[in-house]
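Below, each chain spelled out in residue letters.
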Amino acid sequence: MSTFIMSARESTQLDYAERMREVLLHIQRELDHPMAPADLAEVACFAPHHFHRIFKGMVGETIMEHVRRLRLERAAWRLKFTDQSVTDIAFDAQYENLESLTRAFGKMFGVSPSAYRRAQRSISYPTVASSIHYAPDDNHGDFAFGCDADSGPNPPRIERQPDRPVVYVRHVGPYQECKGAWDTLMEYAAREGLIGPGAEMLGLCHDDPDVTPPEKIRYDACITTTAKVQPVGEIGTQIIPGGEYAIQRHRGPYESLEGAYRQLFGSVLPALGREPAPGACVEKYWNDPESTDPEDLETDVSVLIN
Amino acid sequence: MSTPAASKVDLFKEHKSEYAQKKTPTFVEVGKAQYLAIDGEGAPGGEAFQAAIGAMYAMAYTIKMTSKKNGRDYVVCKLEGIWGADGDFDSSAPESCRWTLMIRTPEFIRSEELKGAAEKIAAKNDCPEAAHVELRSLREGKCVQILHVGPYEEEGPSINAMRAFCEREGVAFAGAHHEIYLSDPRRVEPAKLKTILRYPVY
């Protein structure tokens, strides 16, 4: 464990792109084996927390989507250029049987594996933003990482935040259903006089929706306060840790917040060369969603950085 | 955090015609309306003004959430401001101006609810201004109105356009300069700020 921490620290200044390249090469070499995301993170000294978000942000797909696509691309390549049986190709691609390979293959290439093998066409892979594809000789050319560096009217920023004491109500389930937690929190806050002039509405997102199933996602609806509050029933208190936060402003409906996360983890952190600290991502809501058009909603998505 | 229930009162939408947003002057008829209101004096953006805004939002949301808990939910309306008292508001020099900040509020909200909210807020926050927020009714009647897009300091041409329109129509300004803030000046760049400007006329 201590060696891991040491190496993570030494590599902090190492280029994110270099390290992600290591991860991607590792994936290509290990397509025959099951892959655990935590092991992948370790390949290039990424801390395991937030690694999914960094991968998705830089590569444009989740780890599992990426691995799955590369296995299917390799299957396509082998169908075209080898005599290997379709069943063997299916097993190598980590499919339990020919039927499941055929289904997955059909979805990606529009034809069955055997039809693909018969057709006298050159090989063509699906178009992806990263332009990373299976290459039998490990020669991948240039990768295109991350979103556009130009983040338009909302440049990212780093802000030092103090410890922020909050009163909160936890919601477990899909983000779209967190309204109940907010109602409970705000009714309590009104009764207790906590909606003061400086109160901020924050959301603590403990889970990555690309990894955690919707029904298990933990989200804390929070209001900042300096008053002393006794936790009771659903109402809890906690302190959001202070420190330097990397912040990306999002303008638009809450449903499209994922774009700001991709920007933050896939472009902002790599550009800064800073590592995210363990812990929840913090969302700050600037408007009242009841009286604001969804496209005018403004939200800061942020993460504590080391 | 999601779509409002169908039964929720939304005065801004219910009285859409009173909040007409045209870039050329137009007449609107504004009926009697109840507002949370707080009076003050000094530069917009100054200390007194900021404290008053903080108190208004604290009161507006404390009262709304209390009412919602009691089964009567509504949407908190946009912030409004009335500047000067006699129609001679000078948009380029508002520092010495007296103002009233307002948020339109349903008729079923009573002053007892304001008193309760102000006490709770004062007990947990440094916010003496909450006690100065009061209920006020206003019937502006016939008004001239325009949507001003840009910095507050550059309202002059929009006001002149309304004045010229009134002269052509044979009426004149008959009340204080009224602004309805559609944008949040803390986050929207000045050139894009949207503000409804309104004057009662006769």
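Please refer to the structure higher up on the page.
Summarised in this report is the structure supplied together with it. Source: prediction; values computed, not measured.

Conventions adopted
Residues numbered from 1 in each chain as written. Chains lettered and ligands numbered in written order. Predicted model: local features only at pLDDT ≥ 70, side-chain atom pairs only at ≥ 80, totals over all residues. Heavy atoms only, no water. Helix = DSSP H or I, 4+ residues; strand = E, 2+ residues; numbered from the N terminus. Rg over C-alpha atoms; globule rule 2.2 N^0.38 Å. Contact = heavy atoms within 4.5 Å. Core = buried A, V, L, I, M, F, W, Y, C linked by side-chain atoms within 4.5 Å. Buried < 20%, exposed > 50% of the residue type's maximum accessible area, 1.4 Å probe, protein only. Domains from an automatic or database assignment. Phe/Tyr/Trp six-rings, centres within 6.5 Å; stacked < 30°, edge-to-face > 60°. Lys NZ or Arg CZ within 6 Å of the ring centre and 35° of its normal. Disulfide = S-S within 2.5 Å.

Digging into the overall build of chain B
Helices and strands together make up the secondary structure of chain B, namely four helices and six strands. Helices and strands in chain B line up, N terminus first, as α-β-α-β-β-α-β-α-β-β. Expected size for 202 residues packed as a compact globule is a radius of gyration near 17 Å; at 17 Å, chain B falls within 12% of this value. Taken along its principal axes, the extent of the C-alpha atoms in chain B is 50 × 40 × 30 Å. Partitioning the intrachain contacts of chain B with sequence separation of at least 6 by distance along the chain shows that 76% fall at a separation of at least 24.

Examining the nonpolar core
Grouped together as the largest cluster of nonpolar side chains are 87 residues, with contacts concentrated most on A:Met20, A:Val23, A:Phe46, A:Phe51, A:Phe55, B:Met59 and B:Leu101. With eleven residues, helix α2 (residues 47-69) of chain B is the single largest residue contributor to this core. Residues lining this core come from more than one domain, with at least three contributed by each of domain 1 (1-146) and domain 2 (157-304) of chain A. Other than its neighbours up to four places away in sequence, B:Met59 contacts B:Leu36, B:Leu114, B:Ala117, B:Ala118, B:Ile121, B:Ala130 and B:Val133.

Re the environment of A:Arg78
Residues and elements named next belong to chain A. Mapped onto the fold, Arg78 is located in helix α5 (residues 63-81). A residue is classified by how much of its surface remains accessible, and Arg78, at 17% relative accessible area, is buried. C-alpha of Arg78 to C-alpha of Pro136: the two residues are 58 residues apart in sequence and 9.4 Å apart in space. Among residues more than four places away in sequence, those in contact with Arg78 are Gln84, Ile89, Asp92 and Arg117.

Digging into the packing of aromatic side chains
Enumeration according to the criterion identifies 19 aromatic pairs over all chains in this entry. Here B:Tyr152 and B:Tyr181 contribute two aromatic rings whose centre-to-centre distance is 5.8 Å and whose plane-to-plane angle is 85°, an arrangement assigned as edge-to-face. Taken as a pair, B:Tyr152 in the loop between β4 (134-149) and α4 (156-169) and B:Tyr181 in strand β5 (residues 177-181) lie far apart in primary sequence, 29 residues in all. For B:Tyr152, a relative accessible area of 23% gives the class partly exposed. Three or more aromatic residues joined by ring pairs make a cluster, and in this case those are A:Tyr16, A:Phe46, A:Phe51 and A:Phe55. The aromatic ring of A:Phe46 is capped on one face by A:Arg19, whose charged end is 4.3 Å from the ring centroid.

Describing the state of the cysteines
What the rule picks out here adds up to zero disulfides over all chains. Unpaired in terms of disulfides, A:Cys205 finds its nearest cysteine sulfur in A:Cys281, a separation of 6.7 Å. The class for A:Cys205 is buried, based on a relative accessible area of 3%. This cysteine, B:Cys77, is not joined by any disulfide, and B:Cys143 carries the nearest cysteine sulfur, 16 Å off. Among the residues examined, B:Cys77 registers a relative accessible area of 7% and is labelled buried.

Function-wise, these values are silent; they only describe arrangement.
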